[in-house]
Amino acid sequence: NCYYWETENKKVYLIAKKKNKTPDTELKPNQKAAHFARAAGQEINNSAYETVIHLLAKEVLKEERNITIPSLYSPELNSNLTNIKKIYFIEVETEKLVSHSKYVFKPDAIGITKHKERKLFIEFYKTHIVDQGKLEKIKKHGISCIEININDILPLSSDGKPNKEGIKERLD
């Protein structure tokens, strides 16, 4: 079975389409297909697409395995809560479902430090910020999260290649 996760708890099944574009014909083993289509009855959720720069950001984070956290200032306390801090990860997992007793969600990435019990959820903001529902799930899970704005990063650099440097600069 071939599928992808469209939302936090909705699996969408795909079937292979033959070259004559009939989506109701399943392929035999080792038979090549032109492409995949949604299985019958699978509705389209137009909000569930992912931009190229969003995919690239997750790829670069997995490769680099570090992130710089900016200093945080609290006007209410009139003091810095943290100074600029570089965090190194031994592993970065992307698109992993996180479950709790009452909910499931999928952060863009989970950075795991050398102390494996210490994790950081990482969200990349391109088309929309983390919504209130996901924010509540993150809070209930008790793991810190940072959201990184990648809106102004172009997907391609001036040489026409994926703009990994733009993402690296943002992570630094």
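Just so it is clear, the structure is predicted and the values come from calculations on it, not from any experiment.

A. A look at the packing of aromatic side chains. For the structure shown, the criterion picks out two aromatic pairs. Plain terms: the ring middles of tyrosine 103 and phenylalanine 105 are 5.9 Å apart, the flat faces sit at 35° to each other, and that makes the pair tilted. In this structure tyrosine 103 comes out as buried when scored by relative accessible area, which is 10%. Exposure remark for phenylalanine 105: the relative accessible area of 0% places this residue in the buried category. Measuring from ring centre to ring centre gives 5.5 Å for phenylalanine 105 and phenylalanine 121, while their planes differ by 85°; the resulting arrangement is edge-to-face. One end of the pair, phenylalanine 105, is in strand β10 (residues 104–105); the other, phenylalanine 121, is in strand β12 (residues 119–125), and 16 residues separate them in sequence. Each member of the pair, phenylalanine 105 together with phenylalanine 121, is buried. By the ring-pair criterion, three or more aromatic residues cluster together here, those being Tyr103, Phe105 and Phe121.

B. Region of the structure containing the packing of helix α1 (residues 52–64) against helix α3 (residues 164–171). Contact pair α1 / α3: the axes reach a minimum separation of 9 Å and the direction vectors enclose 65°. Handedness of the α1/α3 crossing: right-handed. Between α1 and α3, the contacting residues are Ile53, Leu56, Ala57, Glu59, Val60, Leu61, Glu63 and Glu64 on the first element and Lys164, Ile167, Lys168 and Leu171 on the second. Partitioning the contact of α1 with α3 into residue classes produces seven nonpolar, no polar and five charged.

C. Molecular detail of the layout of surface pockets. Taken as a whole, the second largest pocket holds about 510 Å³ of empty space. Considering the residues around the second largest pocket, the lining is formed by 20 residues, among which Ile69, Lys85, Ile87, Arg118 and Leu120 are closest to the centre. Of all the secondary-structure elements, those providing two or more residues to the lining of the second largest pocket are β7 (85–88), β12 and β13 (145–149). Examining the composition of the lining of the second largest pocket, we find that three residues originate from one element, β7, more than from any other. Along the lines of polarity and charge, the residues of the lining of the second largest pocket split into eight nonpolar, six polar and six charged.

Conventions and cut-offs
Residues numbered from 1 in each chain as written. Predicted model: local features only at pLDDT ≥ 70, side-chain atom pairs only at ≥ 80, totals over all residues. Heavy atoms only, no water. Phe/Tyr/Trp six-rings, centres within 6.5 Å; stacked < 30°, edge-to-face > 60°. Buried < 20%, exposed > 50% of the residue type's maximum accessible area, 1.4 Å probe, protein only. Helix = DSSP H or I, 4+ residues; strand = E, 2+ residues; numbered from the N terminus. Axes fitted to C-alpha atoms, helices over the stretch in contact; angles between N-to-C directions. Left-handed = near helix turned anticlockwise from the far one by under 90°. Contact = heavy atoms within 4.5 Å. Nonpolar A, V, L, I, M, F, W, Y, C, P; charged D, E, K, R; others polar. 1 Å grid on protein atoms, 1.4 Å probe; cavity = no way out; pocket = protein on both sides within 12 Å on 5 of 7 lines; lining within 4 Å. Points joined across faces, edges and corners; volume = space filled by probe spheres on them.

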